[in-house]
Amino acid sequence: MAENNSERRIAPREAVDPIQIRGFTSLDHMTLLSRSGAIVEASTTGFLLQLERKEIVPKQFQKELSLDVLLGDKVILMIDAMNLEIGGKIARTKRLTKDLFEIAIDYSDDAPEYWREILVEMLPRGRDYK
């Protein structure tokens, strides 16, 4: 199984126009982590999410310099523009600035490859057309 996960991470992420999400929730802790955020990169293996500190719900995380305590958590979120709920696992976290965090999420193991490919193709890339 570990080989499968490392193989899945090979896919390069592509920049996408930020697409708003809501209801970013940890299933492991049954906790709403953030009210909103934005997907900024995506691939067939996962996506990159950016969260503003002020949108993080648990008070203990608002004051932290790192969100690494969430590594490995199973999560879900909603993309309203696509009427789509996505699940995955937190693979990496990084603090970009004082008020902005980046979270890499790998898709759930049960997400079919064809579904992941279609999702990546459907995400907006307005910058590609300039």
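Further up the page is the structure itself.
Report on the accompanying structure. (Residues numbered from 1 in each chain as written. Predicted model: local features only at pLDDT ≥ 70, side-chain atom pairs only at ≥ 80, totals over all residues. Heavy atoms only, no water.)

Side note on helix 3 (residues 113–122)
Within helix 3 the residues assigned to the buried category are Arg116, Leu119 and Val120. Down the axis of helix 3, the smallest arc covering the buried residues is 95°, so these residues share one side. With respect to the buried face of helix 3, the exposed residues turned more than 90 degrees away are Tyr114, Glu121 and Met122. (Buried < 20%, exposed > 50% of the residue type's maximum accessible area, 1.4 Å probe, protein only. Helix = DSSP H or I, 4+ residues; strand = E, 2+ residues; numbered from the N terminus. Arc of directions from axis to C-beta.)

Thoughts on unusual backbone geometry
One non-glycine residue with positive phi stands out, namely methionine 30, at about 45°. In this model, asparagine 83 sits at a positive phi of 50°, which is unusual for a non-glycine residue. Relative to the elements of secondary structure, asparagine 83 occurs in the loop between strand 4 (74–79) and strand 5 (84–97). On the basis of relative accessibility, which here comes to 64%, the residue asparagine 83 falls in the exposed class.

Details of empty space enclosed by the protein
Per the stated rule, a full pass over the model turns up one cavity of 30 Å³ or more. Considered as a void within the structure, the largest cavity measures approximately 40 Å³ in volume. Lining the largest cavity, in full, are Phe24, Leu33, Leu51, Ile56, Phe61, Leu67, Leu70 and Ile103. Tallied by class, residues from the lining of the largest cavity come to eight nonpolar, no polar and no charged. (1 Å grid on protein atoms, 1.4 Å probe; cavity = no way out; pocket = protein on both sides within 12 Å on 5 of 7 lines; lining within 4 Å. Points joined across faces, edges and corners; volume = space filled by probe spheres on them. Nonpolar A, V, L, I, M, F, W, Y, C, P; charged D, E, K, R; others polar.)

Observations regarding the side chain of arginine 53
The topology assignment puts arginine 53 in the loop between strand 3 (46–52) and helix 2 (59–62). Assessed through its relative accessible area of 13%, arginine 53 is described here as buried. In this structure the side chain of arginine 53 is engaged in a polar contact, spanning 2.4 Å, whose partner is the backbone oxygen of glutamine 62. (Polar contact = N/O pair within 3.5 Å; in protein donor to acceptor, adjacent residues only side chain to side chain.)

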